[in-house]
Amino acid sequence: MPEPLISDIDLSDMVFWALPRAQRHAAYGRLRALDPPPFFEAGESPFGVPERGYYALVRHADVAEASRNPQLFSSGAGATSIFDLPAEFNEYFGSMINMDDPRHARLRRIVSRAFTPKMIKKFEEDVQRTAGVIVEELVERGPCDFVQHVSARLPLKIICDMMGIGDEHFDMVLRNTNIILSGADPEFISENMNEALTQILTSGGELAALVTGLAEQRVAAPADDLVSSLANANIDGEALTPAELASFFVLLVVAGNETTRNAISHALLLLTEHPDQRELLLANLDGRIGPAVEEIVRYVSPVIWMRRTLTADTVMNGHAYQANDKVLLFYAAANRDESVFGPTANEFDITRSPNPHVGFGAAGPHFCLGAHLARREISAVLRELLTRVPDIRAAGEPDYLLSSFINGIKHLPCEFS
Ligand code: HEM
């Protein structure tokens, strides 16, 4: 069978990621039709070493299968980014997302125990209350940039409160997480590769220093926050080392901020573009908010991909891979796979059921640690908005982040009556 022409699609070229979203999804559709999965050269490495390319796993079945088999599809070999991380980056960015068992399991166990039922209950209440305050202030302010005044604020406040980071550090934390996941966006990061790497390392270093200082205080005088429970031994006598705590904190604030914010911003855009879906949601907020949040995460896919590296030769879904091959798990493409979501895969439908999306990753050891919190945050803010200002809408075009990794919105004007 002749191979369908895909020579016009290059997932390693930032030109592709500047295309309108509809074109991006049309390209995923063409890639999903390919057998075997398409292979892309990695492009220029920012670290100055030649880098091998990757297979793009764009089908739901491939993403699910690779996530389920961490022994074969490793997160620790190299990294989960396209380019292997050099040692100095691992100091700040080498946390559990870039590890395999047993190191991953140990960290995840310590961290999961730190989320005590008492702490989870407290943050659930905090999320709803904070969402209420943010929307109250929005109503007083009037039309504004929705990202700055609504969607960026909730995840930042909640994650900092959980860790015990004071309000005076919020701006610094947000500035640094923006730089770390800036992709190639000149609003946040230098277009000069060396300068950009220095900026990213500096941001990691500033965040690490913040939590290291806090941990020293909490070891001396524990408080009711996550840093205290991570820096002091738990009932099994386990604690994170200072270096583990620093890189976990960087992962948590980056993952906590740069994903949920975008889901919330996209949600406003989607409800503006789909008035029928807004009506459905308003007609039964309690009954439909849960499925609506799942559909937002599916449709938006705030995290576009994660990488895995083959540890041995294997055959998956009929295609042979070799040890050391890289694969990128394209959640954004898997979430529009017609073989799973049917002919309406490209439609935004808040009543979709079932909705086996992989927006938080597919089932496996690395499934998003913050999925529960993220769902809470998105639904709390939508609930407050649709109760207080039910006609809130995007008042102009979104200003999108230039990134292959994060489906981000930097600015979005909003208005309401
Ligand atoms: C809509 C919001 C979010 C999305 C779409 C999202 C998505 C993801 C994805 C795709 C992964 C990788 C799964 C894998 O490699 O198999 C992940 C991992 C992770 N996420 Fe999230 N996430 C969100 C919110 C959050 C929040 C709020 C936090 C923290 C409070 C968080 C913390 C983490 C951590 C720590 C990991 C690594 C888990 C591990 O390696 O074991 N995420 N997330």
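Before reading on, note that the structure itself is shown above.
Rules behind the numbers
Residues numbered from 1 in each chain as written. Predicted model: local features only at pLDDT ≥ 70, side-chain atom pairs only at ≥ 80, totals over all residues. Heavy atoms only, no water. Near = heavy atom within 4 Å. Polar contact = N/O pair within 3.5 Å; in protein donor to acceptor, adjacent residues only side chain to side chain. Helix = DSSP H or I, 4+ residues; strand = E, 2+ residues; numbered from the N terminus. Donors = N, O, S within 2.8 Å, 3.2 Å for Na, K, Ca; no water. Buried < 20%, exposed > 50% of the residue type's maximum accessible area, 1.4 Å probe, protein only. Pairing = 2+ DSSP bridges. Contact = heavy atoms within 4.5 Å. Axes fitted to C-alpha atoms, helices over the stretch in contact; angles between N-to-C directions. Left-handed = near helix turned anticlockwise from the far one by under 90°. Nonpolar A, V, L, I, M, F, W, Y, C, P; charged D, E, K, R; others polar.

**Q** Help me understand the site of the ligand, please; the structure alone is not making it clear to me.
**A** Around the ligand there are 26 residues in total, and H104, R108, R308, H366 and C368 lie nearest to it. Contact between the ligand and R108: an oxygen atom at 2.7 Å from a side-chain N or O atom of the residue. Side-chain polar atom of H366 to an oxygen atom of the ligand: 2.7 Å apart, as the coordinates give it. Listed by contribution, the elements that provide at least two residues to the shell around the ligand are α5 (103–114), α12 (242–257), β5 (305–310) and α18 (371–388). Among the elements that line the shell around the ligand, the one with the most residues is α12, at four residues.

**Q** Hey, could you run me through the coordination of the iron atom of the ligand in this one?
**A** The textbook angles at a metal center are 109.5 degrees for a tetrahedron of four donors and 90 or 180 degrees for an octahedron of six. The protein gives the iron atom of the ligand a lone donor atom, C368 (SG), placed 2.3 Å from the metal. Assignment of secondary structure puts C368 in the loop between α17 (338–341) and α18.

**Q** Which parts of the structure should I look at to understand unusual backbone geometry?
**A** With the exception of glycine, the majority of residues adopt a negative phi angle, and the majority of peptide bonds are in the trans configuration. Cis geometry marks the peptide bond from D101 to P102, where omega comes out at 5°. When you line up the elements, P102 lands in the loop between α4 (87–93) and α5. The peptide bond linking S353 to P354 adopts the cis configuration, its omega dihedral lying at 0°. Positionally, P354 belongs in the loop between α17 and α18. Positive phi outside glycine occurs at S301, with the angle close to 45°. Turning to its location among the elements, S301 is positioned in the loop between α15 (285–300) and β5. Phi is positive for N324, which is not a glycine, with a value near 85°. Counting through the fold element by element, N324 comes out in the loop between β7 (319–321) and β8 (326–330). Its relative accessible area of 46% is what places N324 among the partly exposed residues.

**Q** Explanation requested: the sheet that holds strand β9 (residues 393–394) in the structure shown.
**A** Strands in a sheet are paired, the pairing made by backbone hydrogen bonds, and the direction either parallel or antiparallel. Strand order in the open sheet formed by three strands is β4-β12-β9, with antiparallel pairing between adjacent strands. The strands lining the two open edges of the sheet, one partner per strand, are β4 (144–145) and β9. Relative to strand β12 (residues 413–415), β9 is paired through two bridges, and the arrangement is antiparallel. Across the sheet, R393 pairs through a bridge with E415, a residue of β12.

**Q** Looking at this model, I keep getting lost on the sheet that holds strand β3 (residues 73–74). Mind explaining?
**A** The five strands are arranged β1-β2-β8-β5-β3 in an open sheet whose pairing can be described as mixed. The open sheet has two free edges, formed respectively by β1 (39–40) and β3, since each of these has just one partner strand. In this structure, β5 lies alongside β8, joined through five bridges in antiparallel fashion. Of the residues in β8, the one forming a bridge with W305 is F330. The strands touched by helix α3 (residues 60–68) within the sheet are β2 (54–57), β3 and β8, with β8 carrying the most contacts at an inclination of about 120°.

**Q** Got a minute to help me understand the pairing of β8 in this structure?
**A** Every other side chain in a regular strand lies on the same face of the sheet, so the side chains alternate between the two faces. Of all five residues in β8, five are buried, a share of seventy percent or more. Because side chains alternate across β8, one face comprises the buried residues K326, L328 and F330, and the other comprises V327 and L329, equally buried.

**Q** Would you mind going over the packing of helix α9 (residues 170–180) against helix α10 (residues 193–220) with me for this structure?
**A** Packed helices, taken two at a time, are described by their axes: the angle between them and the distance between them. It is the contact of α9 with α10, at a shortest axis distance of 9 Å, that shows an interaxial angle of 145°. When the axes of α9 and α10 are compared, the crossing they make is left-handed. For the pair α9 and α10, the contacting residues are M172, V173, R175, N176, T177, I179 and I180 in the first and Q199, I200, S203, G204, E206, L207 and L210 in the second. Of the residues assigned to the contact of α9 with α10, the class counts are seven nonpolar, five polar and two charged.

Taken by themselves, the reported measurements are silent on function.
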